[in-house]
Amino acid sequence: QVQLVESGGGLVQAGGSLRLSCAASGRTFSSDGMGWFRQAPGKEREFVAAIRWSDANTYYRDSVKGRFTISRDNAKNTVYLQMNSLKPEDTAVYYCVFSVKYGSSWWSPSKYDYWGQGTQVTVTI
């Protein structure tokens, strides 16, 4: 089992920044990578970003490229999501995800075996 603990959500004005953190514990020794999904009210859950442990290769949805940066601290089994130039449409619950599956699509929820409890990000005008 893997436990994921998220932190860093909150309320921010448009144009502001937030940094999300997700610490993984438990059986973390076998993992392809970690990432973030989000879900806004009335909308489907969507992929945001992911990072592969082996080479730190990163993946982003188009709407956050250039504004969000995902990074990792291998020693702490922690992944971060730095969110800059936030927009009201970024408002959502953000979920940290953990994958033990190698080779699956990073954009697919089915790749991820463990999900965090979610942290709310609200961006006001």
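Above this note sits the structure.
Because the structure is a prediction, the values reported are computed rather than measured. (Residues numbered from 1 in each chain as written. Predicted model: local features only at pLDDT ≥ 70, side-chain atom pairs only at ≥ 80, totals over all residues. Heavy atoms only, no water.)

Caption draft 1: Main features of the nonpolar core. Formed by 28 residues in total, the largest nonpolar core has its most connected members in Met34, Trp36, Leu81, Met83 and Tyr94. Elements supplying a minimum of two residues to this core: strand S1 (2–7), strand S3 (18–26), strand S4 (33–39), strand S5 (46–52), strand S7 (68–73), strand S8 (78–83), strand S9 (92–99) and strand S11 (119–124). Those residues in contact with tyrosine 94, other than ones at most four positions away along the chain, are Glu6, Leu20, Trp36, Phe37, Arg38, Val48, Phe68, Leu81, Met83, Gly118, Thr119 and Val121. Phe37, Ala50, Val97 and Tyr112 belong to the second largest nonpolar core, which has seven residues in total. (Core = buried A, V, L, I, M, F, W, Y, C linked by side-chain atoms within 4.5 Å. Buried < 20%, exposed > 50% of the residue type's maximum accessible area, 1.4 Å probe, protein only. Helix = DSSP H or I, 4+ residues; strand = E, 2+ residues; numbered from the N terminus. Contact = heavy atoms within 4.5 Å.)

Caption draft 2: Seen up close, the sheet that holds S1. In space, the four strands of this open sheet follow the order S1-S3-S8-S7, with antiparallel pairing throughout. The open sheet terminates on both sides in strands that have one partner only, identified here as S1 and S7. Sheet twist, expressed as the average angle between the axes of neighbouring strands with direction ignored, equals 15°. Of the strand pairs in this sheet, S7 and S8 are connected by six bridges, and their pairing is antiparallel. Bridging from a neighbouring strand, serine 71 pairs with tyrosine 80 of S8. (Pairing = 2+ DSSP bridges. Axes fitted to C-alpha atoms, helices over the stretch in contact; angles between N-to-C directions.)

Caption draft 3: Summary view of the packing of aromatic side chains. Per the counting criterion, the structure on display carries nine aromatic pairs. Ring centres of phenylalanine 37 and tyrosine 112 lie 5.4 Å apart, and the angle between their planes is 75°; on these two criteria the pair is classed as edge-to-face. Of this pair, phenylalanine 37 sits in strand S4 while tyrosine 112 sits in the loop between S9 and strand S10 (114–115); the two residues are 75 residues apart in sequence, bridging distant segments of the chain. Accessibility classification places phenylalanine 37 together with tyrosine 112 in one group, the buried group. (Phe/Tyr/Trp six-rings, centres within 6.5 Å; stacked < 30°, edge-to-face > 60°.)

Caption draft 4: Spotlight on the pairing of S3. Pairing of S1 with S3, which is carried by six bridges, proceeds in the antiparallel orientation. Its bridge partner lying in S3, leucine 4 is registered against alanine 24. Where S3 and S8 come together, six bridges link them in antiparallel fashion. The residue of S8 that forms the bridge with serine 21 is tyrosine 80.

Caption draft 5: A look at the pattern of salt bridges. Inspection of the entire model under this criterion finds eight salt bridges. A salt bridge links aspartate 32 to lysine 111; the nearest nitrogen and oxygen atoms lie 2.8 Å apart. Placement of the pair is aspartate 32 in the loop between S3 and S4 and lysine 111 in the loop between S9 and S10, with a sequence separation of 79 residues. Among the residues examined, lysine 111 registers a relative accessible area of 0% and is labelled buried. As a salt-bridge pair, lysine 101 and aspartate 113 come within 2.6 Å of each other at their nearest N and O atoms. Note that lysine 101 is positioned in the loop between S9 and S10 and aspartate 113 in the loop between S9 and S10, a separation of twelve residues in sequence. (Salt bridge = Lys/Arg side-chain N within 4 Å of Asp/Glu carboxyl O.)

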